[in-house]
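Structure assessment
Residues per chain are reported as follows:
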Amino acid sequence: RKEVEQDPGPFNVPEGATVAFNCTYSNSASQSFFWYRQDCRKEPKLLMSVYSSGNEDGRFTAQLNRASQYISLLIRDSKLSDSATYLCVPRGNKLVFGAGTILRVKS
Amino acid sequence: DTAVSQTPKYLVTQMGNDKSIKCEQNLGHDTMYWYKQDSKKFLKIMFSYNNKELIINETVPNRFSPKSPDKAHLNLHINSLELGDSAVYFCASSRRPNSGNTIYFGEGSWLTVV
């Protein structure tokens, strides 16, 4: 089993929609994670950190479900500028990235 | 100011050539990395250095040789380039090598081997 697995998508949603996607992980010892976003032909950039208590930053909410070993990212009121690939990363020395989930927000 | 900068941004070269990609960070971080992102978009770590010392060396052909002259620089030299080396190579840095630190990426170097 891969350390991190994500639905590659793409998730195609209209502006203003709420969208959520998950990331499953195999290492039950993982206690916190990062969500990165990567725009087309750009470098990944940190979106938010996710701890056991979850995290919320504006329209973005991340949750960690340790029992089922997945983390989720919820985006409310989607904007065109949210179109990107979202990568989940368990914290660790190697920072193993998932392949990412593609989000396309359309007008 | 660019925090993590790498050069060149684009590189097209023939099979069998030797090439280098340079990376510098001005964040004062102790740890630097090289990642490879292939055509399927998987981002995989290749190497990590902490204060000029190699701490992570993934299963990478020995044609790839990183060099860190100081903790602000981590260069990647590739010998005898092969078609399969075509990818985007990202340099990155973090304050410390362990798990709690955000990684900051450079803009990437697009390598095409023909």
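In this text the structure is predicted, and so the values were computed from the model without any measurement. (Residues numbered from 1 in each chain as written. Chains lettered and ligands numbered in written order. Predicted model: local features only at pLDDT ≥ 70, side-chain atom pairs only at ≥ 80, totals over all residues. Heavy atoms only, no water.)

**Thoughts on the interface of chain B and chain A**
Each partner contributes residues to the interface: chain B has 22 residues there, and chain A has 16 residues. The interface formed by chain B and chain A includes zero salt bridges. Viewed at the interface, chain A and chain B are joined by two residue pairs in polar contact (both at pLDDT 80 or more). Of all the secondary structure elements, the ones that give two or more residues to the side of chain B that touches chain A are β4 (31-37) and β5 (43-50) of chain B. Considering every element that reaches the side of chain B that touches chain A, the biggest residue donor is β4(B), with three residues. The residue makeup of the side of chain B that touches chain A, split by class, is twelve nonpolar, seven polar and three charged. (Contact = heavy atoms within 4.5 Å. Salt bridge = Lys/Arg side-chain N within 4 Å of Asp/Glu carboxyl O. Polar contact = N/O pair within 3.5 Å; in protein donor to acceptor, adjacent residues only side chain to side chain. Helix = DSSP H or I, 4+ residues; strand = E, 2+ residues; numbered from the N terminus. Nonpolar A, V, L, I, M, F, W, Y, C, P; charged D, E, K, R; others polar.)

**Here we look at the sheet that holds strand β7 (residues 64-70) of chain B**
Residues and elements named next belong to chain B. Reading across the sheet, the four strands line up as β1-β3-β8-β7 and stay open at both edges, with antiparallel pairing between neighbours. Pairing within the sheet leaves two strands with one partner each, and these edge strands are β1 (4-7) and β7. Strand after strand, the sheet turns through a mean of 20° between neighbouring axes, direction not considered. When β1 meets strand β3 (residues 19-25), the two strands line up antiparallel, connected through four bridges. Paired with serine 5 across the bridge in β3 is glutamate 24. (Pairing = 2+ DSSP bridges. Axes fitted to C-alpha atoms, helices over the stretch in contact; angles between N-to-C directions.)

**Here's the deal with the packing of aromatic side chains**
Enumeration according to the criterion identifies 15 aromatic pairs over all chains in this entry. A centroid spacing of 5.6 Å and a plane angle of 90° characterise the contact between A:Phe97 and B:Tyr35, whose relative ring orientation is edge-to-face. Highlighted residues: A:Phe97 in the loop between β9 (84-90) and β10 (101-106) and B:Tyr35 in strand β4, drawn from two different chains. On the basis of relative accessibility, which here comes to 0%, the residue B:Tyr35 falls in the buried class. Summarising the aromatic geometry, the rings of B:Phe90 and B:Trp110 are spaced 6.4 Å apart at their centres and angled 70° between planes, so their arrangement reads as edge-to-face. (Phe/Tyr/Trp six-rings, centres within 6.5 Å; stacked < 30°, edge-to-face > 60°. Buried < 20%, exposed > 50% of the residue type's maximum accessible area, 1.4 Å probe, protein only.)

**What about the pattern of salt bridges?**
Applying the stated rule across the entire model yields nine salt bridges over all chains. For A:Asp39, the salt bridge identified is with A:Arg37, shortest N-O distance 2.5 Å. For the salt bridge of B:Glu107 with B:Lys9, the shortest nitrogen-to-oxygen distance reads 3.9 Å. In this pair, B:Glu107 sits in the loop between β10 (104-105) and β11 (109-113) while B:Lys9 sits in the loop between β1 and β2 (10-13), placing the two residues 98 residues apart along the sequence. Judged by its relative accessible area of 41%, B:Glu107 falls in the partly exposed class. On the basis of relative accessibility, which here comes to 30%, the residue B:Lys9 falls in the partly exposed class. Taken together, the shared-partner salt bridges connect B:Asp30, B:Lys71 and B:Arg96 into one network.

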